[in-house]
Amino acid sequence: MPQAEPPVDWESMPKVELHLHLEGAIPLPTMWELVERHGGDPEVPDPEALRRRFEFRDFAHFIGTWEWKLRFHTTFDDYELLAAAVAEDLARQGHRYVEAYVSPTDSPLPPGELLHAVRRGLDRHPEVTVALVPDLVRDTQPQTAMRTLEAVIEVASETGVVGITIGGSEQLYPAAPFAPVFDRAREAGLRLTAHAGEAAGPESVWQAVEDLGVDRIGHGVRAVEDRELVATLVERQIPLEMCPTSNVRTGVVDSLASHPIRRLIEEGAFVTLNTDDPAMFGCSLAGEYAALHALGVDLASLRMLSENAVDASWAPPAVKRDLHVGLATWWQGLTEAPVA
């Protein structure tokens, strides 16, 4: 008889996350505070209505809700408040290191000053390290993205910016026209990722890999529709920032059980596990690990995912070493625990 695996307290794991949008991780009480601060919305009269506002028909509906939400964080004080609330929540959940997306392109505020406001908020909770990855947003023209990037580069070292991405309406705006933007970011010493293979198919992932030369892929779910692409991702070991619950909530996949993450793990892809917009999707990183475990992903594979997040991160080598030590200690304690 095979030995039973021990019960797992995923909340206690020292967590590393690479695909989390600050604006999508605002705890609901703080989001409600922001809504009230900006005059409210008659269609969202109370916190429960706000929670229901974050139920999505499909990816386009999610993007529309994201745009609706932008009206409630429009000042530097708003960004400092939301950043502090997110950092506090991440620390409470046991996160140790996070590379968080933030979208200055979505705001009328000057990007450099916005990033400084975010950093002030994050620095209120030094128990979690949050590096920033500005999202230049596909829905803008590449010229706008380039202007935002130049402003980002000016303050990158002061605000903890380590890379860039492009999110947004992937199905409407291909990646290839943003190649000069990514070339400039690379020249400035920033690392590169792009949302791809979520709302659009394998061709979007190909463009991120071949035209943008990314270091990582945000999502990459639909890569499984192209065998050659999967083989390329496996051969090159390009990290995938996968977000299963997000993909279910936005209708990219039908269910967690049908999500291709298990298949990609089995085929040798470099997979990491993430939450994307946890406050909007009602998920947590501990919950993502628990869900995969419940679906039959074994502890060895889940340990690999946790270690992959460290290896795929853009943290300094000394930070990576410390994160690996923390994870190794936790996993060792788990395997030595008596089975209930």
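The following refers to the structure shown. (Residues numbered from 1 in each chain as written. Predicted model: local features only at pLDDT ≥ 70, side-chain atom pairs only at ≥ 80, totals over all residues. Heavy atoms only, no water.)

With that out of the way, let us pick up the sheet that holds strand E8 (residues 271–273). If you trace the five strands from one edge of the open sheet to the other, you get E4-E5-E6-E7-E8, paired in parallel fashion. Only two strands of the sheet have a single neighbouring strand rather than two, namely strand E4 (163–164) and E8. Sheet analysis places strand E7 (residues 240–242) next to E8, joined by three bridges and oriented parallel. From the neighbouring strand, Met242 faces E8, where its bridge partner is Leu273. (Pairing = 2+ DSSP bridges. Helix = DSSP H or I, 4+ residues; strand = E, 2+ residues; numbered from the N terminus.)

Taken as a whole and judged by the stated rule, the model has 10 aromatic pairs. Between Trp68 and Phe72, the ring centres sit 5.1 Å apart and the planes meet at 70 degrees, which makes this aromatic pair edge-to-face. For the pair formed by Trp68 and Phe72, the shared burial category is buried. Note on Trp330 and Trp331: the rings are 5.0 Å apart at their centroids and 85 degrees apart in plane angle, and the pair reads as edge-to-face. (Phe/Tyr/Trp six-rings, centres within 6.5 Å; stacked < 30°, edge-to-face > 60°. Buried < 20%, exposed > 50% of the residue type's maximum accessible area, 1.4 Å probe, protein only.)

Turning next to the pairing of strand E5 (residues 191–196). A large share of E5 lies buried, amounting to five of its six residues. In terms of strand pairing, E4 meets E5 through two bridges, oriented parallel. Its bridge partner being in E5, Gly163 is matched across the sheet by Arg191. With four bridges joining them, E5 and strand E6 (residues 216–219) adopt parallel strand pairing. Pairing of Thr193 across the sheet is with Arg216, part of E6. Handedness of the crossover joining E5 and E6 through helix H8 (residues 202–211): right-handed. (Right-handed = clockwise from strand over helix to strand, strands pointing away.)

The element strand E2 (residues 95–102) is largely enclosed, with a buried count of seven among its eight residues. One ladder, built from five bridges, connects strand E1 (residues 15–21) with E2; its direction is parallel. Bridging from a neighbouring strand, Glu17 pairs with Val98 of E2.

Its volume calculated, the largest pocket comes out at about 280 Å³. Taken together, 23 residues make up the lining of the largest pocket; nearest its centre are Ile63, Trp66, Asp135, Gly167 and Gly168. The dominant element in the lining of the largest pocket, judged by the number of residues it contributes, is helix H3 (residues 59–69), at five residues. One number sums up the size of the second largest pocket: a volume of about 220 Å³. Asp89, Gln93, Pro278, Ala279 and Cys283 are, among the 14 residues lining the second largest pocket, the residues nearest its centre. Contributing elements (two or more residues each) for the lining of the second largest pocket: helix H4 (76–92) and helix H12 (278–281). Take the lining of the second largest pocket: its biggest share by element is four residues, from H4. Across the lining of the second largest pocket, the residue classes break down as eight nonpolar, three polar and three charged. (1 Å grid on protein atoms, 1.4 Å probe; cavity = no way out; pocket = protein on both sides within 12 Å on 5 of 7 lines; lining within 4 Å. Points joined across faces, edges and corners; volume = space filled by probe spheres on them. Nonpolar A, V, L, I, M, F, W, Y, C, P; charged D, E, K, R; others polar.)

What follows covers the nonpolar core. Counting residues in each nonpolar core, the largest one holds 111 residues, and the members touching the most others are Trp10 and Phe182. Top contributing element to this core by residue count: H4, with eight residues. Beyond its immediate sequence surroundings of up to four residues, Trp10 is in contact with Lys15, Ala286, Tyr289, Ala290, His293, Leu299, Leu302, Trp330 and Trp331. (Core = buried A, V, L, I, M, F, W, Y, C linked by side-chain atoms within 4.5 Å. Contact = heavy atoms within 4.5 Å.)

So far we have only geometry, and geometry alone does not tell us how the molecule works.
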